[in-house]
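Examination of the molecular architecture
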Amino acid sequence: MTSYAEFYRQSIDQRDDFWATQARLVDWQTPPQQVCDYSHPPFAKWFVGGTTNLCHNAVDRHLADRGEQAALVAISTETDTERSYSFRELHAEVQRMAASLLALGVKKGDRVLIYMPMVAEAAFAMLACARIGALHSVVFGGFASGSLASRIDDAEPVVIVSADAGSRGGKAVAYKPLLDEAIRQARHQPGAVLLVDRGLVPMELESGRDHLWNDLRAEHMDAQVPCEWLASTHPSYTLYTSGTTGKPKGVQRDTGGYAVALAASMKHIFNARAGQTFFATSDIGWVVGHSYIIYGPLIAGMTTIMYEGLPTRPDAGVWWSIVEKYQVTHMFSAPTAVRVLKKQDPAYLKKYDVSSLKALWLAGEPLDEPTAQWISDALQVPIIDNYWQTETGWPILTLANGIEQQTTRFGSPGKAMYGYHVKLIDEATGQELTEPNQKGVVAIEGPLPPGCMQTVWRDDERFVSTYWSTIPGRQIYSTFDWGIRDADGYYFILGRTDDVINVAGHRLGTREIEESISSHPNIAEVAVVGVADNLKGQVAMAFAVPRDATGLEDAAARMKLEGEVMKQVDKQLGAVARPSRVFFVTALPKTRSGKLLRRALQAVAEGRDPGDLTTMEDPAALQQVRSMVAA
Ligand code: ATP
Ligand code: MG
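A short tour of the structure in this document, coming up.

About the cut-offs
Residues numbered from 1 in each chain as written. Chains lettered and ligands numbered in written order. Predicted model: local features only at pLDDT ≥ 70, side-chain atom pairs only at ≥ 80, totals over all residues. Heavy atoms only, no water. Helix = DSSP H or I, 4+ residues; strand = E, 2+ residues; numbered from the N terminus. Rg over C-alpha atoms; globule rule 2.2 N^0.38 Å. Contact = heavy atoms within 4.5 Å. 1 Å grid on protein atoms, 1.4 Å probe; cavity = no way out; pocket = protein on both sides within 12 Å on 5 of 7 lines; lining within 4 Å. Points joined across faces, edges and corners; volume = space filled by probe spheres on them. Nonpolar A, V, L, I, M, F, W, Y, C, P; charged D, E, K, R; others polar. Near = heavy atom within 4 Å. Polar contact = N/O pair within 3.5 Å; in protein donor to acceptor, adjacent residues only side chain to side chain. Areas by Shrake-Rupley, 256 points an atom, 1.4 Å probe, with all protein chains shown as cover. Pairing = 2+ DSSP bridges. Axes fitted to C-alpha atoms, helices over the stretch in contact; angles between N-to-C directions. Disulfide = S-S within 2.5 Å. Buried < 20%, exposed > 50% of the residue type's maximum accessible area, 1.4 Å probe, protein only. Salt bridge = Lys/Arg side-chain N within 4 Å of Asp/Glu carboxyl O. Phe/Tyr/Trp six-rings, centres within 6.5 Å; stacked < 30°, edge-to-face > 60°. Lys NZ or Arg CZ within 6 Å of the ring centre and 35° of its normal. Core = buried A, V, L, I, M, F, W, Y, C linked by side-chain atoms within 4.5 Å.

Next up on the list: the overall build of the protein chain. A tally of helices and strands in the protein chain yields 20 helices and 32 strands. Whereas a compact globule of 631 residues would reach a radius of gyration of roughly 25 Å, the protein chain reaches 24 Å, a difference of no more than 12%. Taking the principal axes of its C-alpha atoms as reference, the protein chain extends roughly 70 × 60 × 50 Å. In the protein chain, once contacts between residues fewer than 6 apart in sequence are set aside, the share between residues at least 24 apart is 70%.

Right, here's the structure in full:
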């Protein structure tokens, strides 16, 4: 049994041997000749000369040993349906979808845009693309026409796979009119549209362009579409980042490196085995959905659960009822979702037997202590924070409990994962920080390990200039997040590099100020931004959601609460951190994935144009801020 420290050291010092061993976790048609080609940094090519296929590894290779085991369970509390597909059935459905895409003219290397709710057909479409070597570009189903149109133009898909409608809170949300409008707006025109008709809303079909999945499926009932053996470096998909800090970046991923990285993460990070059940509550429109709803669990021969619905409907026990019914062993969610559940009656959690669960992994944003504590008490399993990015495809920092059981340290997502040569860089000097507890930019010495982005889709220049320009002359990838590392190698993420404000020469983290403000008993949630100020350079401005807003229509009551909040920051952090204003709002502007859009708040607070808002959840929240600041 190796210690994690030793395992990690091998991954860095004997990089090629290490990854050659990991490469055995997947099937290759032709084995790789070279583990890593880094002759043109920062572009890394993994498993060069090897040919493989993601769909083969996720589906076909399990047919012999576990053909009748459930592979995919699609549960919808929106339509009250549960559909379960064994690996054998999934294999058949994916081939029907692959044959349909081929019939619509899709060829290897072409893009297929998937704009779908969380239904099984979305998984068939992703796997079918992988099977024939087409690149999928999944666009989150909650996006409206404008966002979709810009992604259609970026991906230039030959076919778009979509549906009549999604559903949210029991109400159908029509997709087809949004798609039609997006295609009307887009410069690029897809050759065909393949539509899943869920019978939720009527659809008008455009003849010659629109096709129904039911018709094509029936035509290709017995289709046999062999897996296309693809070069390891063949791109498998493109996916956009969440757009929290600016225009979303089109992340392009390879085939072989991604397969190996996911297979390795299932074993070493999730300590998962074939036959167990994985339930990630994300959406296929995000990276967690790609890596840990679809590919990771299936590559590992697990049953994966795909869930359409809210965490609170029909009641706040719905996830736990799924855990009980399907004996879920591994669960993956986001702090936002747990915070939603925390507001509900805790009795819901106690109603179900969740003893099958081994751990709950949370990612996507900082995990605050009250949230971690609450869910840990409720579930009585380890709560494992993990830090990564759309760009990396799998965790950078967490605990590799499959190698060695390690204790969680509160507030820390964990240690550097094998393969990631993580460093902290001093922003001012560009020097690496080697002492414990120093604050720097979290960075990764190139090459990035397998599974990470190859480049920005069709924009190598943007890849280099965006991520690799932190230290001139060094091949260092910047995450644009601040962090510190303690003496035992645990990292703590302190926020994004653009979340730092400079008040009269003092550099302050917005997160610190936010933590201070949220410790006021009547503040539920708060965002702090730096706003340009003639005198001080920048001042902090706070937007807070009160827990109880009764009486706050009254200006005097608002001023009283504002004063209390300011006094609290004075006391905890000092007057320099005191916000110049505290505005009380009913909601904060967030991305569709639940992340705070601080840069949009800042722009509006400064009276600037907020820029790309395509990933914003609720425009009204920003409108409210605009009118308050203007008043
Ligand atoms: P964009 O790059 O388009 O601005 P984004 O960075 O929000 O959007 P994602 O790739 O979805 O897009 O999110 C990655 C970021 O989320 C990380 O860089 C980090 O800021 C934050 N993050 C993810 N996981 C954690 C975590 N466990 N703890 C703290 N922050 C996290
Ligand atoms: Mg990012």
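From this point, the discussion proceeds with the structure in view.
Tracing the chain through its elements places Thr77 in the loop between strand 4 (70–76) and strand 5 (81–86). Every residue in contact with Thr77, bar those within four places of it in the chain, is listed here: Tyr307, Glu308, Gly309, Leu310, Arg313, Pro314 and Val318.

Looking now at empty space enclosed by the protein. As enumerated under the stated definition, the model contains five cavities of 30 Å³ or more in all. Considering only enclosed or pocket space, the largest cavity measures out at about 110 Å³ in volume. Forming the walls of the largest cavity are 13 residues, and the residues nearest its centre are Ala44, Trp46, Cys452, Met453 and Gln454. Counting residues per element, the lining of the largest cavity draws most heavily on strand 2 (residues 43–48), which supplies four residues. Of the residues assigned to the lining of the largest cavity, the class counts are nine nonpolar, two polar and two charged.

As a further point, take the layout of surface pockets. Approximately 380 Å³ is the volume attributed to the second largest pocket. Residue lining of the second largest pocket: 18 residues in total, with Tyr8, Ala416, Arg485, Gly489 and Tyr491 positioned closest to the centre. Looking at the lining of the second largest pocket, the elements that each hand over two or more residues are helix 1 (4–13), strand 22 (415–416) and strand 23 (421–425). A total of three residues in the lining of the second largest pocket trace back to one element, the largest contributor, which is helix 1. Grouping the constituent residues of the lining of the second largest pocket by class yields eight nonpolar, four polar and six charged.

A word on the site of ligand 1. Looking at ligand 1, there are 20 residues lining it, with Ser242, Thr244, Thr245, Asp481 and Lys595 nearest. Contact distances for ligand 1 include 2.9 Å between a nitrogen atom and a backbone N or O atom of Asn386. Surface burial for ligand 1 is 93%, taken as the share of its 640 Å² of free accessible area covered by protein chains. Those elements that provide at least two residues to the shell around ligand 1 are strand 20 (383–386) and strand 27 (491–496). Of the residues that constitute the shell around ligand 1, the class distribution is four nonpolar, nine polar and seven charged.

Turning to the sheet that holds strand 12 (residues 210–212), a few remarks are in order. Ordered by their spatial adjacency, eight strands build an open sheet running 12-11-8-6-7-14-15-25, and the pairing between neighbours is mixed. The sheet terminates laterally at strand 12 and strand 25 (455–456), the two strands that pair on one side only. Packing against the sheet, helix 6 (residues 120–132) makes contact with strand 6 (111–114), strand 7 (135–138), strand 8 (159–163) and strand 11 (192–196), and its axis sits at approximately 165° to strand 6.

It is worth spelling out the sheet that holds strand 20 at this point. Reading across from one edge, 5-4-17-16-18-19-20 is the order of the seven strands in this open sheet, with mixed pairing throughout. Two strands bound the open sheet, and with one partner strand each, they are strand 5 and strand 20. Ignoring strand direction, the axes of neighbouring strands in this sheet form an average angle of 20°. Where strand 4 meets strand 17 (residues 303–308), five bridges bridge the pair, whose relative direction is parallel.

A few words now on the state of the cysteines. Overall, the coordinates contain zero disulfides when judged by the stated rule. Not engaged in a disulfide, the cysteine Cys36 finds its nearest cysteine sulfur in Cys452; these two sulfurs lie 11 Å apart. The class of Cys36 is buried, set by a relative accessible area of 5%. Looking at Cys227, it has no disulfide partner, and the nearest cysteine sulfur is the one in Cys55, 4.9 Å off.

Moving on to the pattern of salt bridges. For the coordinates displayed, the defined rule picks out 37 salt bridges. A salt bridge links Arg184 to Glu181, with the shortest nitrogen-to-oxygen separation between them at 2.9 Å. Here Arg184 and its partner Glu181 are both found in helix 8 (residues 176–185), three residues apart, which amounts to about one turn of the helix. Residue classification places Arg184 among the exposed residues on the basis of a relative accessible area of 60%. Among the residues examined, Glu181 registers a relative accessible area of 26% and is labelled partly exposed. Between Glu206 and Arg209 there is a salt bridge, with the nearest N and O atoms lying 3.6 Å from each other. Classification of Glu206 by relative accessible area gives partly exposed; the value is 42%.

Let us now look at the pairing of strand 28 (residues 500–503). The sheet contact formed by strand 28 and strand 29 (residues 506–509) spans four bridges and is antiparallel. Considered in strand 29, the bridge of Val503 is made with His506. Counting the residues in the hairpin turn of strand 28 and strand 29 gives two residues, including Ala504, whose phi is positive at 45°.

If you walk through the whole model with that rule in mind, you get 36 aromatic pairs. Centre to centre, the rings of Tyr4 and Tyr8 are 6.3 Å apart; their planes meet at 40°, and the pair counts as tilted. Pair noted here: Tyr4 and Tyr8 are both in helix 1, with a separation of four residues, about one helical turn. Grouped by ring-pair contacts, the aromatic residues Tyr4, Phe7, Tyr8, Phe18, Trp19, Trp28, Trp46, Phe47, Trp394, Tyr418 and Tyr420 constitute a single cluster. The cationic tip of Arg151 hangs over the ring face of Tyr240; the distance from NZ or CZ to the ring centre is 5.1 Å. Taking the ring centre of Trp482 as reference, the NZ or CZ of Lys439 above it sits at 5.1 Å.

Moving on: the nonpolar core. If you look at the biggest cluster of nonpolar residues, it comprises 122 residues, and the most contacted ones within it are Leu101 and Tyr295. With 11 residues, the top contributor of residues to this core is helix 6. With near-sequence residues (within four places) excluded, Leu101 lies in contact with Val106, Val112, Ala128, Cys129, Ile132, Val159, Val161 and Leu194. If you look at the next biggest cluster of nonpolar residues, it comprises 28 residues, including Ile75, Val328, Leu341 and Ile383.

All quantities given are derived from atomic positions and should not be read as evidence of function.
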